[in-house]
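Analysis of the macromolecular model
Spelled out from the first residue to the last, the chains are:
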Amino acid sequence: MCGIVGYVGNKSALDILLEGLTNLEYRGYDSAGIAVNVDGHVELYKAEGKLQNLKDITFEKKEHISKSTIGIGHIRWATHGAPTTINAHPHSCNCGRVAVVHNGIIENYKELRAKLEKEGCVFRSQTDTETVAHLVAKKFAQTHDLTEAVRLATKEIEGAYALCVIHQDIKNTIVATRRNAPLLVGIGEGEYYVASDVPAIIKYTKKAMYLEDNQIVTLTPDSMKLIDIDNNVISQKIEILPWEPVALSKMGYKHFMLKEIHEQPDVVRNVLAGKLRAIDENISLNEVTLDKESLKTLNRIQIVACGTSLHAAMVGKYIMEELCGIAVDVEPSSEYIYRKTVGDKNTLVIGVSQSGETADTITAVRQAKSRGSHILIVTNRPDSTMAREADSLIPVSAGIEVSVAATKSYTAQVISFYLLAIYIAEIKNSANKENLSNLKRELILLPQKIEKVLSHKEDVQACARRFANSKDFIFIARGINYATALEGALKLKEISYINATGYTAGELKHGPIAMLDESMPVLSILMKGQVYEKILSNSEEAKARNARMIALTDSDDTKINDLFECIIKVPEIIETLSPVLAIVPLQLLAYYIAEFLGKDVDQPRNLAKSVTVE
Ligand code: G6P
């Protein structure tokens, strides 16, 4: 959360900064700002609200601001201090010569602020970040060296940060550093970029260097110097980014979310490619480095994740318990890290994260690692902080996901769990071979089935139109699709702000049924299999309380026509694999409802795609 961008070179910085911030908007969008150096003076431009407000302000002075060939920018997701212009970054010191942008939380900011105030600093904002600006200014006054000033300042800072700093007296220089927050440098010809994430710079360069914790980089148009916090020079690991700029285009779709929903058939093909080669061949998963004997003797698996990734993990638990016969626990990372969890080297700990930067999940896997557990990371970002903690790394290959509401990354994570479960089951010989072959056959057919669901999206759209004005929504399911119910409800909450909840259908009668009346839609995930009849009965119970019933089903049973006001059909599929197919119409339902309501689909209020604070 919060996005940082910086540029130093020979071009005008303004457009590069604004474009970079546009591509980082998924990280936050409640205020934005830039700092540039025009005619030897550091100038700040900041605006509350969407990035467009900053664009409007800078447009009025475009000719003037465009003179600067250096700049830093920030898009904010507020943690300390309301999302106002004053609290927007960059922040400055009292003399106005320093400008700082920050992603993270300075945990000891209160003590630092009290100390700095005693020393005469006057604070303007309520942010933790402003302490860094004053601190750097103080250190610069002592050293007259910006790198040294930043280095000394970071020695006093506790917490998580990615920082970019410029100083009026040190021309054409950006100093950047990080600790527990992502930051990379893009390398151009006679120019350098800094950013929280690849989308901000990929249009300009694919050559990059990821900063490690406590490293400090000093950039001028023609030099890059890297040191650690103890002033040792560090060798630079330069790499070529495996991303294409086209990933950031909507490709004719109205929203990134709709584009990403439609990418799912190809995402499934990509995840399966090279791993599931033929039905009669074992799954190949070289990414799992835990040796086969240890896999056989594993006594426990713990999965930690947040949000949508947590729901993917719940499907993972179900399938791994079914196929591998190992006890699997799934827990939100934010809960896992604040209690005594039991685990050792016979416990496999799986961290699941689209971004690989979610602070709670990073902390959870680090805790598990310190207990000696093997750490397996399932992430869409093999270049992320979490990926670097991995003993085994399964990249889910969904491609850059821009929409804040995760769709294709969820599907990719779920498919990765199927592969992992089959892989372990084949090693342990713990599942019926015919069932495994059947599952593989269905996995291969899955992309076509998703395509079929997408080709009937108008049916979902019609249902969305009918229910768009509902205040509440209930999703019910049982078994492996309970996670689908939770994820369907989460999608709807996230982008339409409708109060939606997923329940196991059997629990409905133990409380939630009290809420049912003619204003309450209940969506039953009614996929064929062992719990089909049970969910049907639970749906009857809801109907008897006048709830407005919707079915999502692969059944052709015409008996259900009278029970449901709206029936969303998907192709027939084996129950074990049904979550992957069932989630697609629910993503579409959430999308169309939000669109009918005129919501900001790709950037829902209060959310950020990458939550880098605990
Ligand atoms: C945020 C996002 C969610 C996401 C969750 C976990 O809350 O808004 O869409 O599911 O973080 O993110 P991760 O990157 O760890 O999957």
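Residues numbered from 1 in each chain as written. Predicted model: local features only at pLDDT ≥ 70, side-chain atom pairs only at ≥ 80, totals over all residues. Heavy atoms only, no water.

Our next topic: the site of the ligand. Close to the ligand lie 13 residues; S309, S353, Q354, S355 and T358 are nearest. The contact in question runs from an oxygen atom of the ligand to an N or O atom on the side chain of S355, over 2.6 Å. One can see that the ligand is located within the largest pocket. The element contributing the most residues to the shell around the ligand is helix 10 (residues 307-324), with 3 residues. (Near = heavy atom within 4 Å. Polar contact = N/O pair within 3.5 Å; in protein donor to acceptor, adjacent residues only side chain to side chain. 1 Å grid on protein atoms, 1.4 Å probe; cavity = no way out; pocket = protein on both sides within 12 Å on 5 of 7 lines; lining within 4 Å. Sits in = over half its atoms within 2 Å of the grid points. Helix = DSSP H or I, 4+ residues; strand = E, 2+ residues; numbered from the N terminus.)

The next subject is the state of the cysteines. With the rule as written, the count across this model stands at 0 disulfides. Sulfur of C2: no disulfide; nearest cysteine sulfur belongs to C164 and is 13 Å away. Taking the relative accessible area as the measure of exposure, C2 reaches 7% and is therefore buried. (Disulfide = S-S within 2.5 Å. Buried < 20%, exposed > 50% of the residue type's maximum accessible area, 1.4 Å probe, protein only.)

In this section: the sheet that holds strand 16 (residues 328-332). Taking strand neighbours across the sheet as the criterion, the 5 strands line up as 16-15-17-18-19 in an open arrangement whose pairing is parallel. The sheet terminates laterally at strand 16 and strand 19 (392-395), the two strands that pair on one side only. Averaged over all neighbouring strand pairs, the angle between strand axes comes to 20°, with direction disregarded. Bridge analysis of strand 17 (residues 347-353) against strand 18 (residues 374-379) gives 6 bridges, and the strand direction is parallel. Across the sheet, V349 pairs through a bridge with I375, a residue of strand 18. The sheet contacts of helix 14 (residues 408-428) involve strand 15 (300-305), strand 17, strand 18 and strand 19, and relative to strand 17 the element is tilted by about 160°. (Pairing = 2+ DSSP bridges. Axes fitted to C-alpha atoms, helices over the stretch in contact; angles between N-to-C directions. Contact = heavy atoms within 4.5 Å.)

Okay, the pairing of strand 11 (residues 207-210) next. Pairing between strand 9 (residues 184-187) and strand 11: 3 bridges, direction antiparallel. Residue pairing for strand 11: V185 is matched across the bridge by M209. As paired elements, strand 11 and strand 14 (residues 239-240) share 2 bridges and run antiparallel to each other. By the bridge assignment for strand 14, K207 is matched with I240.

Domain boundaries assigned for the protein chain yield domain 1 (3-248), domain 2 (256-453) and domain 3 (458-596). Spacing between the C-alpha centres of domain 2 and domain 3 amounts to 26 Å. Contact with domain 2, which involves 29 residues of that partner, is made by 28 residues of domain 3. When domain 2 packs against domain 3, close to 2,500 Å² is buried across both sides, 76% of that on carbon and sulfur atoms. Counting the surface domain 2 buries against domain 3, the share from its top three residues, H311, Y318 and V453, is 22%. Taken together, domain 2 and domain 3 are joined by 0 salt bridges. (Domains from an automatic or database assignment. Buried area = accessible area lost by both parts, 1.4 Å probe. Salt bridge = Lys/Arg side-chain N within 4 Å of Asp/Glu carboxyl O.)

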